[in-house]
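As a plain string of letters, each chain reads:
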Amino acid sequence: MADDQAGVNRREFVKLAAGGAVAVAAGLSSADGVVEAQRRTAPGPDAAERDLALLALDAARSAGAVYADARVIRVLSESINTRERQITNVTKSESYGIGVRAFVGGSWGFAATSALTRDAVATAARDAVAIARANDRVAPSATRLAPVPKVPDGRWITPHVLDPFAVALESKAQLLFRINEEALKVKGVRFVTSSADALKESRLLATTDGSLIQQTFIRVSPNINVTAVAADNSDSQTRSGSEGPMGAGWEYVTGLELPARATRYASEAVAKLSAPAVEPGAYDLVLHPSHLWLTVHESIAHPSELDRALGYEANYAGTTFLAPPEKVLGKFRLGQSLMTFVANRTEAGGNATVGWDDEGVPATSYPIVDKGLFVSYQSATREMIDAVAPLSSYKKAPGHAYGQSWASIPFPRMPNVSLQPAARNISEEEVLAATDRGIFIEGDGSYSIDQQRYNFQFGGQTFWEVRKGKKTRMLRDVAYVARTPDFWNSMAMIGGRETYQLGGALSDAKGQPMQLNSVSHGCPVALFRNVTVIRTA
Amino acid sequence: MPPKGLSRDEMKSLTDRVLSYAMADQTRVNVSSGVSAFTRTAMNRVTTSGSTTDVVVRITSAFGRRVAAIETNRLDAASLEKAVRDTEALARLSPENPEYLPEPGPQAYRDVGGYYASTGDLTTEDRGRAASLVLERSKAARTVAAGYIDVSAGSRAIANSNGLFAYHAATSVASTLTVRTPDGSSSGWAGDEGADWTTIESDRIAADALAKCEAWRGKTALEPGTYETVLEPTAVGMLMSRIMGAFDARSADEGRSYFSKRGGGTLLGEKVFDERVTITSDPGFANGETAPFTGSGEPTGPDTWVENGVLRNLFYSRYWAQRQKVASKPGMANFVMQGTDASLDDLIASVKRGVLISRFWYIRALNPRALTLTGLTRDGTFLIENGRISRPITNFRFNQSMGDLLKSVEMAGRPTRVCASENSSAGPPVIVPPLKVRAFNLASVSDAI
């Protein structure tokens, strides 16, 4: 069986992935460790794709672009969905095309096509220039692009052991059916769905600066949902699994021991039906990383995006309470001294981990919150460096440009943003022991936050009452509400490296047209004092 | 200019070609084609603009009840033939799906229109002119504008090995604008959505967003609580677009929906909302057209979902309909809520003390059984006293059951198509009136602007 085979491979994967972890732990400012580890196996560019990309750059330059980049992207994805004892969907998809971005005066133009003929590609390049020129005419802009070093032969591939597209469909389906079977064995469970998604993306970037970079990204994402329904149909409760997507191969999925997890999720869904609803009030919260990653994503990672602070996202994602830059950088206290957040595109397994970004800038890793103090924005691209260079550590672009596909224009996107664990190896039990009257929350649930990232309300998957340092009974209908700076300043204790894990999403939405980004957030278990808890039903 | 996307003849020859390679028991081809283009502004300038052309072919093959699908945008003959072979190989490998039903045969469809040359022929310069007009007004008012014009034009088709062929061409456009004061102390929003560019009033959008930003200056606190509330059409649309999926018979029968009946079954035929609530859908609704068929080629027609508060219909998939021994019914393609001739001002005038909400942000489901949503107000929230707006107030988070909301409707105004998506792309058409409701739960204050 594929999962037994990969159980062995998991150790190998951990060894391989450690290359990235070493780079981060050593405080290297680039992904040198990961890049070096992967350089030998990473494929180089396809000759035909390279010719088309260079043709696009020539056409754009001839049409008057002062800068242009071309991205030839081929995305393979696969989705297998099941419900109880049946398959509900098996889909593979392939999307292939070229996107050309041209800079004229101070304006951008973008054109993309799935027709990969020489004529169509040259036309797209000229269209990109024409669009940039038209914009520069109606509304001139003084934007300038920060310089980046040339990368003439960049190669990178996601560290992985087992290419998910090399694993047979039957063995994937078998694993999903075993998951469902284990869940259905639990009395009271009526519905279970499970799925496995995989993605493999080849991304060739060519720029008029002379960079040519070929990268291959691999991501996998398993999902489980178990629903229990009350005997008289008066209530239903669902437990969704907490396995995040990962920048990894199929070995990640098989290493999770999902059938055993399904049994636990099933009993928790049933237990939720008869669990007492929470009594609203102030509680200490012990947040497991399977839950906390999403709170980090929404209330730390989004508000520290530089484009939001500058106003780029005002019409959709919004602005941020961390603004204006001159009033908050190096001055705003977001938490106590135990709190350090690192922005990176280098973390092993991270969904946003890459060799270079879509402007050819090498991946970096740097603190954005240092011992509680807000010290740097993230998500900057080449055009934004001028705006903050006098205020921040940015003297060059940190590598955060990303376009979802060939069809989408690169723009500032969030890197992995991770809460660093305590130096001492504090266990989950120790953190619970420090809690007199609290709630322990696992898994991400309903989440909502305002457009400046002040007021948030988060649910979860399971809620356990904590009394005198011990988990006692299950509660239900829990959500906590807080104002972001108050919440993070109430963080009183964090776990050590052993409690640290990555959570993440493949579908972080931002931009107009809306694009999805893949991102991870690592965190240890953490304790927050005196947070307002409401009852959601 | 020729219409964007493949013509009916091009679609027919593409789908015929794909079907000619097919060797499965059943094969279906879904094709979408066209151009999407945009112009985006922020900080009173154009930030990005672009255009994407694509054709996506989805092939679904079935051997008995073994089914799989492959999607590709590589259209040369060799790639298409390989995609068909791969789909068939994948289907043979797939475990049986006991719910699979054979593809339907040829169907008759209404000609509903939906492709407007005014939208399909829009150029970068046209979008740029509309955007710069707004930017100029914002600069003159010493505010900071961020806006988005989203345009799609194209066609889709479905064909299957039982002779079914369906084709529909459509356009859509959404134009939205946020205007903020330079110090970030106030924000106003306005937007339009339609199929026809001539219905997008750029001038009025600019005026409305500026007026809202001006009116919301100097907002002050209001205690959280339950208030009589007037919801502008955009606010209503953002909530209602979240409940379209709830009208599903299967989840109701399975005991996990608002429309589940205690003890089993659904609430069909029962009074579920206030009698002022009537919800319909119609693929031919002018400037809110949708394809007159579903993704599997079933014809869609005008339907009544809720009539004077009584639940009249639920969506039955072909499989679920067969199991429940009823006729199948496709889900709602657009959402049309009936109203009256009353204006927004008429609704405001009827409120003694309450709240006016312009729009929402970050709406998420809390509990599907109670149809409870959470989210936040955004870009203009006001206190109403004695029939008039008395002062601007802070934003709030709400936690509110949509069932309770629709039970507490007291007045509905004039319906209009709104931009109901939070990301301001044109989505499934939502045509709704402003509503006055007895009770809306503003749960906590948000400092966001």
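The coordinates are above.
Residues numbered from 1 in each chain as written. Chains lettered and ligands numbered in written order. Predicted model: local features only at pLDDT ≥ 70, side-chain atom pairs only at ≥ 80, totals over all residues. Heavy atoms only, no water.

Quick notes on the overall build of chain A
Stage number 1. If you tally the helices and strands in chain A, you get 13 helices and 22 strands.
Stage number 2. Taking 2.2 N^0.38 as the reference for a compact globule, 537 residues should give roughly 24 Å; the C-alpha atoms of chain A span a radius of gyration of 24 Å, in line with that estimate.
Stage number 3. On the principal axes, the C-alpha backbone points of chain A span a range of 70 × 55 × 45 Å.
Stage number 4. Across the 537 residues in chain A, those meeting the buried criterion constitute 66%.
Stage number 5. Here the analysis covers contacts within chain A between residues at least 6 apart in sequence; of these, 76% occur between residues at least 24 apart.
Stage number 6. Surface summary for chain A: the accessible area is close to 17800 Å², and the carbon and sulfur share equals 52%.
Stage number 7. Between the averaged position of the 56 positive side-chain charges in chain A and that of its 56 negative side-chain charges there is a distance of 2 Å. (Helix = DSSP H or I, 4+ residues; strand = E, 2+ residues; numbered from the N terminus. Rg over C-alpha atoms; globule rule 2.2 N^0.38 Å. Buried < 20%, exposed > 50% of the residue type's maximum accessible area, 1.4 Å probe, protein only. Contact = heavy atoms within 4.5 Å. Areas by Shrake-Rupley, 256 points an atom, 1.4 Å probe, with all protein chains shown as cover. Lys, Arg positive; Asp, Glu negative; His and termini not counted. Charge placed at Lys NZ, Arg CZ, Asp CG, Glu CD.)

What about empty space enclosed by the protein?
Rolled over the atoms, a probe sized like a water molecule indicates the empty space that remains.
Stage number 1. What the rule picks out here adds up to six cavities of 30 Å³ or more.
Stage number 2. If you trace the second largest cavity, you find 19 residues lining it, with Glu 383, Pro 410, Phe 411 and Pro 412 of chain A together with Thr 48 of chain B closest to the centre.
Stage number 3. Of all the secondary-structure elements, those providing two or more residues to the lining of the second largest cavity are β13 (411-412) of chain A together with β1 (26-42) and β2 (45-63) of chain B.
Stage number 4. Residue classes in the lining of the second largest cavity are distributed as eight nonpolar, six polar and five charged. (1 Å grid on protein atoms, 1.4 Å probe; cavity = no way out; pocket = protein on both sides within 12 Å on 5 of 7 lines; lining within 4 Å. Points joined across faces, edges and corners; volume = space filled by probe spheres on them. Nonpolar A, V, L, I, M, F, W, Y, C, P; charged D, E, K, R; others polar.)

Re the packing of helix α4 (residues 124-140) of chain B against helix α5 (residues 202-215) of chain B
Packed helices, taken two at a time, are described by the angle between their axes plus the distance between the axes.
Residue and element names in this part refer to chain B.
Stage number 1. In the contact formed by α4 and α5, the axes pass within 10 Å of each other and the chain directions differ by 30 degrees. In this view, α4 runs roughly parallel relative to α5, as classed from their interaxial angle. Relative to α5, the crossing made by α4 is right-handed. Contacts between α4 and α5 involve Ala 130, Leu 133, Val 134, Arg 137 and Ser 138 on the former and, on the latter, Ser 202, Asp 203, Ala 206, Ala 207 and Leu 210.
Stage number 2. Classifying every residue of the contact of α4 with α5 by side-chain character gives six nonpolar, two polar and two charged. (Axes fitted to C-alpha atoms, helices over the stretch in contact; angles between N-to-C directions. Parallel < 35°, antiparallel > 145°, perpendicular 65-115°, else oblique. Left-handed = near helix turned anticlockwise from the far one by under 90°.)

Some points on the pattern of salt bridges
Stage number 1. Considering all chains together, one arrives at 69 salt bridges over all chains under this definition.
Stage number 2. One salt bridge connects Glu 305 of chain A with Arg 308 of chain A, and the closest N-O pair in it is separated by 3.7 Å. Residue Glu 305 of chain A shares its accessibility class with Arg 308 of chain A, and that shared class is buried.
Stage number 3. Glu 88 of chain B serves as the salt-bridge partner of Arg 85 of chain B, at 3.0 Å between the closest nitrogen and oxygen. A residue pair is termed a helical-turn pair when its members lie 3 or 4 positions apart in one helix, as Arg 85 of chain B and Glu 88 of chain B do in helix α2 (residues 77-93) at three residues.
Stage number 4. Among the residues examined, Arg 85 of chain B registers a relative accessible area of 26% and is labelled partly exposed. (Salt bridge = Lys/Arg side-chain N within 4 Å of Asp/Glu carboxyl O.)

A look at the pairing of strand β8 (residues 281-287) of chain A
Residue and element names in this part refer to chain A.
Stage number 1. With five of seven residues buried, β8 lies mostly within the body of the structure.
Stage number 2. The pairing of β8 with strand β22 (residues 526-535) spans six bridges and is antiparallel. Paired with Ala 282 across the bridge in β22 is Thr 532.
Stage number 3. In the sheet, β8 pairs with strand β15 (residues 437-449) via four bridges, with the strands oriented parallel. Directly across from Val 286, in β15, lies its bridge partner Phe 440. (Pairing = 2+ DSSP bridges.)

Brief notes about the sheet that holds strand β14 (residues 416-419) of chain A
All names here are of chain A.
Stage number 1. Pairing is antiparallel across the open sheet formed by four strands, whose spatial order is β11-β10-β9-β14. Here the strands that pair on one side only, and so sit at the sheet edges, are β11 (373-374) and β14.
Stage number 2. Two strands pair when backbone bridges link them, and strand β9 (residues 341-344) and β14 are joined in this way by four bridges, in the antiparallel orientation. Residue pairing for β14: Asn 344 is matched across the bridge by Asn 416.
Stage number 3. Here helix α8 (residues 289-301) sits on the sheet and contacts β9, β10 (365-370) and β14; the angle it forms with β14, its principal contact strand, is near 115 degrees.

A look at the interface of chain A and chain B
Stage number 1. On the chain B side, the residues contacting the 78 residues of chain A number 78 residues.
Stage number 2. Of the roughly 6300 Å² buried between chain A and chain B on both sides combined, carbon and sulfur atoms contribute 49%.
Stage number 3. Of all residues in chain A, Asn 315, Gln 451 and Gln 512 of chain A bury the most surface against chain B, accounting for 11% of the area lost on that side.
Stage number 4. The tally of links from chain A across to chain B stands at seven salt bridges. (Buried area = accessible area lost by both parts, 1.4 Å probe.)

Thoughts on the sheet that holds strand β9 (residues 303-307) of chain B
Residue and element names in this part refer to chain B.
Stage number 1. Ordered by their spatial adjacency, six strands build an open sheet running β10-β9-β8-β11-β18-β17, and the pairing between neighbours is mixed. Single-partner strands in this sheet number two, and they are β10 (310-311) and β17 (416-418).
Stage number 2. As paired strands, β9 and β10 are joined by two bridges and run antiparallel to one another. Residue pairing for β10: Val 306 is matched across the bridge by Leu 311.

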